[in-house]
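As a plain string of letters, each chain reads:
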Amino acid sequence: LITEAGLYTASDQIIILSPENVDSVLFNSSAAHLVEFYATWCGHCVAFSPTWKSLARDIKEWRPAVDLAAIDCADESNRKVCTNFGITGYPSLKFFPAYSSSESRGQDLRGFPRDVRGLRHYIIDKLEMHNEAWPPACPPLETASEAEIDNFFQTNNVDHLALVFESKNSYVGREVTLDLLQYENIAVRRVLDTEMSLVSRFGVTDFPSCYLYNSSGNIYRLKVLSEARTFYSYALQRLPGVVRTGKPQIPITDLIKNSTVEWRPFNKTRVYMSDLESALHYSLRVELSGHISISGDDLTALKKYIHVLAKYFPGRPSVKSALKTLDNWLQLQTGAEIRYSDFRDVLDNTVQTSDAVLPEGVQWVGCQGSQERYRGYPCAVWTLFHVLTVQAKETGSSDPQEVLQAMRGYVSSFFGCRPCATHFESMAQESMDHVTSLSSAVLWLWIRHNRVNNRLAGDLSEDPHFPKIQWPSPELCPSCHGVKRTGEHQWNQEEVQIFLQNYFSSARILTDYLQ
Ligand code: FAD
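Keep in mind it's a predicted model, so treat the numbers as computed, not measured. (Residues numbered from 1 in each chain as written. Predicted model: local features only at pLDDT ≥ 70, side-chain atom pairs only at ≥ 80, totals over all residues. Heavy atoms only, no water.)

Observations concerning the domain arrangement of the protein
Right, on to step 1. Taken domain by domain, the protein comprises domain 1 (10-128), domain 2 (146-244) and domain 3 (271-508).
Right, on to step 2. Centre-to-centre, using C-alpha coordinates, domain 1 lies 31 Å away from domain 2.
Right, on to step 3. Every contact between the two is made by 13 residues of domain 1 and, on the other side, eleven residues of domain 2.
Right, on to step 4. The junction of domain 1 with domain 2 conceals about 1100 Å² of combined surface from both sides, 51% of it contributed by carbon and sulfur atoms.
Right, on to step 5. It is Glu-61, Trp-62 and Ile-124 in domain 1 that bury the most area against domain 2; as a group they hold 52% of the surface buried on that side.
Right, on to step 6. For the pair domain 1 and domain 2, the number of links is four salt bridges.
Right, on to step 7. Arg-120 is paired through a salt bridge with Glu-175; the nearest N and O atoms lie 3.0 Å apart.
Right, on to step 8. At the boundary of domain 1 with domain 2, the tally comes to eight residue pairs in polar contact (both at pLDDT 80 or more). (Domains from an automatic or database assignment. Contact = heavy atoms within 4.5 Å. Buried area = accessible area lost by both parts, 1.4 Å probe. Salt bridge = Lys/Arg side-chain N within 4 Å of Asp/Glu carboxyl O. Polar contact = N/O pair within 3.5 Å; in protein donor to acceptor, adjacent residues only side chain to side chain.)

Okay, structure coming up:
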């Protein structure tokens, strides 16, 4: 069980301040910080915490320039820090510019907005107030002039310059500039609609709109589903030659040439049965084998996991039959513990004598990584559980929690990546119990998977050929994406539901490469 005090956990991408780290985080840092001082018992703080977490996810890409932090002033060990900063009410926000000195008490944000968009704009206003020590990672945010653009490629070593044409009070250009801050080979500048010579030279008619200008002098308009920040940033991050800093992209053909493992060409937009069967093999024969005897909560988790597999795994008859045999055997085990070797005997021996068989070995297809250390099993675990939630809906299960709780139990008791298990459990504790329908179970898993994608984007574990995105992309499901009147991106959840139901449906699973 997770026993984190306070309103935030390590998975929230918010720096949790304490007397030990407060000075090193806030003072003399190359990034600016926005800090929330809160008390766990304060209702307004509890109500505000989802916004603070959403903001952290929303501006994750801005982190080298500005980071979010929080400190629980109700925790006695933090009292002195909060008193030193003159905190008397909660929640309070303070901004610490880059290179703040240890004397600094931060700038109070009185009457701050309570929504992500408002806070984001506030942060940009604050960043722009840096006059002496501009955060080194922060790109220029001011408007570009014609002269600057004309000489751009002489003074900047990039292939692409993206120009966001917009009105003076629009924040889109600055938001996109910051969203691209961790990407190389591209620069973003905002141009005001009053810059008439540029407006007419580029033939701009819509504000905002985004134009690409490259080093060979070509100009074209960026094609997006909606003229809004999220769509611009997503499209620009994926331009040819644009790479995340520190993630050079070796062409996949070169990787294949030098790899000892055979590459299986696949369709990136489909689910493969080979991945699902490989996940079963790895989970039942490799991951579980680390547990010599299984008892207590682990045994309950195993029984639930095998039971949902037996019920919903949309596999070949022989695999389904193997899972049913295992499930029947497990249900008969009423003792306090089982031995893994007995479980394995049922899986391998008894089972192989009939027409029930789970193929040995792994053969990743849709879950192949560009190198062996990437993707594979964890990718297939996600895919497996998405398929199972969809399958439970397709077959009209009576318990909306069944698959999710089975996944929770499996991940908590057996998933070898222990930090993953901790993060997943904290998401489960937060909201899994609120799932009351089969459709919301499908959506719950989709939303949490996107949370994990957001947290891991740019991480060492990210395969540069399969970047972590908020999925499905606008190309994969245009109707899943929309914008609010304010220009904020919005998922069209009804469309997402339809999309997931189709994408993970048993009828669409490809059987190529099956052993
Ligand atoms: P994955 O994220 O594994 O996704 C696999 C496929 O699912 C994608 O290719 C895409 O087709 C589809 N997909 C992507 N997003 C969604 C979505 N939102 N809904 C439905 N389908 C989607 N790694 C860590 O480093 N830290 C962690 O804390 C962590 N937690 C994890 C928790 C769980 C429960 C699991 C199963 C894995 C976790 N991992 C974690 C591993 C990580 O999430 C990835 O699985 C791994 O990095 C491989 O990434 P991938 O590129 O193959 O894509």
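Read on, since the account is not over.
Re the site of the ligand
Right, on to step 1. Taken together, 24 residues are adjacent to the ligand, and Arg-375, Trp-382, His-423, His-449 and Asn-453 come closest.
Right, on to step 2. Trp-382 has a polar side-chain atom sitting 2.9 Å from an oxygen atom of the ligand.
Right, on to step 3. Residue Arg-455 places a side-chain N or O atom 3.1 Å away from an oxygen atom belonging to the ligand.
Right, on to step 4. Elements with a minimum of two residues in the shell around the ligand: α15 (377-394), α17 (418-431) and α18 (438-456).
Right, on to step 5. With seven residues, the top contributor of residues to the shell around the ligand is α18. (Near = heavy atom within 4 Å. Helix = DSSP H or I, 4+ residues; strand = E, 2+ residues; numbered from the N terminus.)

Quick word on the pattern of salt bridges
Right, on to step 1. Tallied over the full model, the rule gives 25 salt bridges.
Right, on to step 2. The partner of Asp-108 in a salt bridge is Lys-94, and the shortest N-O contact between them spans 3.0 Å. Here Lys-94 lies in strand β4 (residues 92-96) and Asp-108 lies in strand β5 (residues 107-108), a separation of 14 residues in the sequence.
Right, on to step 3. Of the charged contacts in the structure, one is a salt bridge between Asp-348 and Arg-344, with a shortest N-O distance of 2.5 Å. Taken together, the positions of Asp-348 and Arg-344, both in helix α14 (residues 340-353) and four residues apart, correspond to about one turn of that helix.

Overview of the nonpolar core
Note that soluble globular proteins tend to have their nonpolar side chains buried in a common cluster.
Right, on to step 1. Leu-284, Leu-302, Tyr-305 and Phe-343 are the most contacted members of the largest nonpolar core, which has 72 residues in total.
Right, on to step 2. Here this core takes eleven residues from α15, the largest share from any one element.
Right, on to step 3. Look past the residues within four positions of Leu-284 in its chain and what remains in contact with it is Tyr-305, Ile-306, Leu-323, Leu-326, Tyr-340, Phe-343, Leu-347 and Leu-358.
Right, on to step 4. Membership of the second largest hydrophobic core comes to 49 residues, among which are Ala-69, Cys-82, Phe-95 and Leu-119. (Core = buried A, V, L, I, M, F, W, Y, C linked by side-chain atoms within 4.5 Å. Buried < 20%, exposed > 50% of the residue type's maximum accessible area, 1.4 Å probe, protein only.)

Remarks on the state of the cysteines
Two cysteines form a disulfide when their sulfur atoms are joined by a covalent bond.
Right, on to step 1. What the rule picks out here adds up to five disulfides.
Right, on to step 2. Between the sulfur atoms of Cys-42 and its disulfide mate Cys-45 the distance is 2.4 Å. For the disulfide bridge between Cys-42 and Cys-45, the dihedral angle about the S-S bond is near 90°, and by the sign convention the bridge is right-handed.
Right, on to step 3. According to the relative accessible area criterion, Cys-45 is buried, its value standing at 0%.
Right, on to step 4. Across the disulfide from Cys-417 sits Cys-420; the S-S distance is 2.0 Å. Across the S-S bond of Cys-417 and Cys-420 the torsion is about 75°, and the bridge reads as right-handed.
Right, on to step 5. Exposure remark for Cys-420: the relative accessible area of 32% places this residue in the partly exposed category.
Right, on to step 6. For the protein, the bonded cysteines pair up as 1-2, 3-4, 5-6, 7-8, 9-10 when numbered in the order they occur along the sequence.
Right, on to step 7. There is no disulfide at Cys-138, and the cysteine sulfur nearest it, in Cys-210, is 18 Å away.
Right, on to step 8. Taking the relative accessible area as the measure of exposure, Cys-138 reaches 5% and is therefore buried.
Right, on to step 9. On the basis of relative accessible area, Cys-210 is assigned to the buried category, the value being 0%. (Disulfide = S-S within 2.5 Å.)

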